[in-house]
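Chain residues, written in single-letter form:
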Amino acid sequence: MSAPALLAARGLSLRYGAIAALDGVAIDLWPGEVLAVVGESGSGKTSLLNVLSGRLRPDAGVVWYRDPTGALHDVHAMAAPALRLLHRSDWGFVHQDPRANLRMGVSAGGNIGERLMAAGARHYGAIRAEAGAWLERVEIDPARIDDLPRVFSGGMLQRLQVARTLVTHPRLVFMDEPTGGLDVSVQARLLDLIRRLVARYAIAVVLVTHDLAVARLLAQRIVVMRGGAVVETGLTDQVLEDPQHPYTQLLVSSVLQA
Amino acid sequence: MNGYNFAYLDEQTKRMIRRAILKAVAIPGHQVPFGSREMPLPYGWGTGGIQVTASILGANDVLKVIDQGADDTTNAVSIRRFFAATAGVRTTTRTAEASVIQTRHRIPETKLTERQILVYQVPQPEPLYRLEPSRTESRRMHGLAEYGAMHVKLYEDISRLGQVAISYDYPVMVNGRYLTSPSPIPAFDNPKLHLMPALQLFGAGREKRIYAIPPYTDVRSLDFEDHPFRPHRARAVCAICGADQSYLDEVLTDDRGGRMFVCSDTDYCAGRAGAGA
């Protein structure tokens, strides 16, 4: 590829005692691209996500992030204030459990508005209008803007979390099993929504999932992990249609055919 | 008084508190930890304010103590008597005569001058404590000036109630940097914090924090551009002195619904009534 990478990791290693969570992982992510990280439980997917987003420091290796001006930053060498600023402006994080990210005692509008207010928005009417528009974009009735998240269903909570994350137009979003714990029809709707929004706002996504169907639907490229190492990487269709590594072949063949 | 050091506290303690005060003045609005001492009154009665007052009091100072604006309530009377006994300083109820004013829940109506120091009693110095349960995290939020959460609280008030529903202890930004609790003064008093000529010191005894607003410091009450801060005042005039600009207390006068509004600042009210205003 000719365009410079948005996020690049080289030689990431992380051990929990005797267990290698990451073992020499290298990853590139280009602007506007959705990259799926798949693998079974314990393969190091979530550790990789946490290391890439600067939440967890690796034992070795480096993560580079290119900011909008083109300057490169070593994510783990950044000062805490700069990293936190990045997390609430340029980056976003969608958790598997929306309750980990949302303020359950604050209305839907307040939840969406928080990132705007943290970024310095001080016009109530404008914040509210933006929150309403985002509720609509994630297919929640804008009339529910003053409802508390605790009266929302699981799928709505997840969509609210997506709205809250995307409201500041981040360039890069980390997603950790965004469809985990949702039933199949709700999953399909959420995936459809994420795919549409990500394409519309040209957001780059690192998507961690154990579900190959989710990866196939959302991701352009796929990274297969096992035992903390990347065993195969390539275009999603290519990897899933013609898996080269025995482990990938096992993964693909274990998917239930409906 | 025999057996006590001047103003009750020993000199080492006063020195430690003065150091905290100097640091607090140097970083307006920043909460400075200090080694709060046991005082001969319960927490919540002004142990923080009384320690600050004890540390800055000199033999020539004139002390005024007010509680909810009044000079004649238990808290005010006992603290005033305490310093009259342990420091032998002159005390007064006249705002203009005092050089040190210790206050609970009010700022005097009379404009303060550069020659005066206002000492606040603070129950809870952390403005974020209802929003962020972890002190480690709220200190980090102060350090990085991440105050979005406080505006979420204002947002919630406006969307639920149509206005910000904080009537006292209304959070302020001091010097454009630190989010600060003005202590539980009515929001009506908030504008007086801004560019006040007097030094303002805040002492929280139980929470062991001192902070300060130096003279002529920029102090802004949090608000939205389209919902500007509006101090609330009862729509009435004082039944004693007829003041229509001062902060009023509502007083029940019988059990048949009788009520009256009077100035909460007793010195201000008495001064106006005496002058025949």
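Throughout what follows, the structure given in this document is the object of discussion. Everything quoted here is computed from the prediction, not taken from an experiment. (Residues numbered from 1 in each chain as written. Chains lettered and ligands numbered in written order. Predicted model: local features only at pLDDT ≥ 70, side-chain atom pairs only at ≥ 80, totals over all residues. Heavy atoms only, no water.)

Residue and element names in this part refer to chain B. Mapped onto the elements, Tyr247 comes out in the loop between β10 (219-221) and β11 (248-252). Overall, Tyr247 belongs to the partly exposed group, its relative accessible area being 23%. Linking Tyr247 and Ser221, residues 26 residues apart in sequence, is a C-alpha distance of 18 Å. (Helix = DSSP H or I, 4+ residues; strand = E, 2+ residues; numbered from the N terminus. Buried < 20%, exposed > 50% of the residue type's maximum accessible area, 1.4 Å probe, protein only.)

Quick look at the nonpolar core now. One finds Val38, Ile112 and Leu160 of chain A together with Phe224 of chain B to be the most contacted residues of the largest nonpolar core, which totals 67 residues. Mapped onto the domain boundaries, this core takes at least three residues apiece from domain 1 (7-90 + 170-257) and domain 2 (103-169) of chain A. Excluding residues within four positions of it along the chain, Ile112 of chain A makes contact with Ala131, Trp134, Leu135, Leu160, Ala163, Arg164 and Val167 of chain A. Among the nonpolar cores identified, the runner-up in size contains 31 residues, and Leu14, Leu35, Val37 and Leu172 of chain A belong to it. (Core = buried A, V, L, I, M, F, W, Y, C linked by side-chain atoms within 4.5 Å. Domains from an automatic or database assignment. Contact = heavy atoms within 4.5 Å.)

Here the focus is the pattern of salt bridges. In this structure the tally under the stated criterion is 31 salt bridges over all chains. When the shortest N-O distance is used, the salt bridge between Glu146 of chain B and Arg88 of chain A registers 2.6 Å. Taken as a pair, Glu146 of chain B in the loop between α4 (135-143) and α5 (148-161) and Arg88 of chain A in helix α2 (residues 80-88) lie in two separate chains rather than in one. Its relative accessible area of 13% is what places Glu146 of chain B among the buried residues. For the salt bridge of Asp71 of chain B with Lys64 of chain B, the shortest nitrogen-to-oxygen distance reads 3.0 Å. This pair shows no difference in class: Asp71 of chain B is buried, exactly as Lys64 of chain B is. What you see here is one network of salt bridges that share partners, running through Arg84 and Arg88 of chain A together with Glu137, Arg140 and Glu146 of chain B. (Salt bridge = Lys/Arg side-chain N within 4 Å of Asp/Glu carboxyl O.)

Bringing the layout of surface pockets into the picture now. A probe as big as a water molecule, rolled over the atoms, marks out the empty space that is left. In this structure, the largest pocket spans a volume of roughly 910 Å³. Put simply, the parts of the chain that give the lining of the largest pocket at least two residues each are α2, β6 (91-94), α3 (108-118) and α5 (154-166) of chain A together with α4 and α5 of chain B. For the lining of the largest pocket, the leading source of residues is α2 of chain A, giving five residues. A class-by-class count of the residues in the lining of the largest pocket yields nine nonpolar, seven polar and ten charged. Summarising the domain contributions, the lining of the largest pocket has at least three residues from each of domain 1 (7-90 + 170-257) and domain 2 (103-169) of chain A. (1 Å grid on protein atoms, 1.4 Å probe; cavity = no way out; pocket = protein on both sides within 12 Å on 5 of 7 lines; lining within 4 Å. Points joined across faces, edges and corners; volume = space filled by probe spheres on them. Nonpolar A, V, L, I, M, F, W, Y, C, P; charged D, E, K, R; others polar.)

Let us now look at the interface of chain B and chain A. Counting from both sides, the interface comprises 19 residues of chain B and, opposite them, 21 residues of chain A. Between chain B and chain A the total buried area reaches about 1800 Å² when both faces are included, carbon and sulfur atoms providing 58% of it. Taken together, the connections running from chain B to chain A amount to three salt bridges. Across the pair Glu146 of chain B and Arg84 of chain A runs a salt bridge, and its minimum N-O distance is 2.7 Å. Counting across the chain B and chain A interface gives eleven residue pairs in polar contact (both at pLDDT 80 or more). When residues of the side of chain B that touches chain A are traced back to their parent elements, those giving at least two are α4 and α5 of chain B. Residue contributions to the side of chain B that touches chain A peak at nine residues, all from α5 of chain B. (Buried area = accessible area lost by both parts, 1.4 Å probe. Polar contact = N/O pair within 3.5 Å; in protein donor to acceptor, adjacent residues only side chain to side chain.)

Here we come to the side chain of Gln121 of chain B. Residue and element names in this part refer to chain B. Topologically, Gln121 is positioned in strand β5 (residues 117-121). There is a polar contact of 2.8 Å between the side chain of Gln121 and the side chain of Gln102. Beyond its immediate sequence surroundings of up to four residues, Gln121 is in contact with Trp45, Gly46, Gly49, Asn75, Ile79, Gln102, Thr103, Arg104, Ser183, Pro184 and Gly203.

The next point concerns the environment of Ala82 of chain A. Structurally, Ala82 of chain A can be placed in helix α2. Between the C-alpha atoms of Ala82 of chain A and Val255 of chain A, which are 173 residues apart in sequence, the distance is 42 Å.

Let us look at the packing of α3 of chain A against helix α4 (residues 124-137) of chain A. Residues and elements named next belong to chain A. Running from amino to carboxyl end, α3 crosses α4 at an angle of 115 degrees, the nearest separation of the two axes being 9 Å. Crossing of α3 against α4: the hand is right-handed. For the pair formed by α3 and α4, the contact residues are Ala108, Gly109, Ile112, Gly113, Leu116 and Met117 on the first element and Ile127, Glu130, Ala131, Trp134 and Leu135 on the second. Tallied by class, the residues present in the contact of α3 with α4 amount to eight nonpolar, two polar and one charged. (Axes fitted to C-alpha atoms, helices over the stretch in contact; angles between N-to-C directions. Left-handed = near helix turned anticlockwise from the far one by under 90°.)

These figures capture arrangement, not role.
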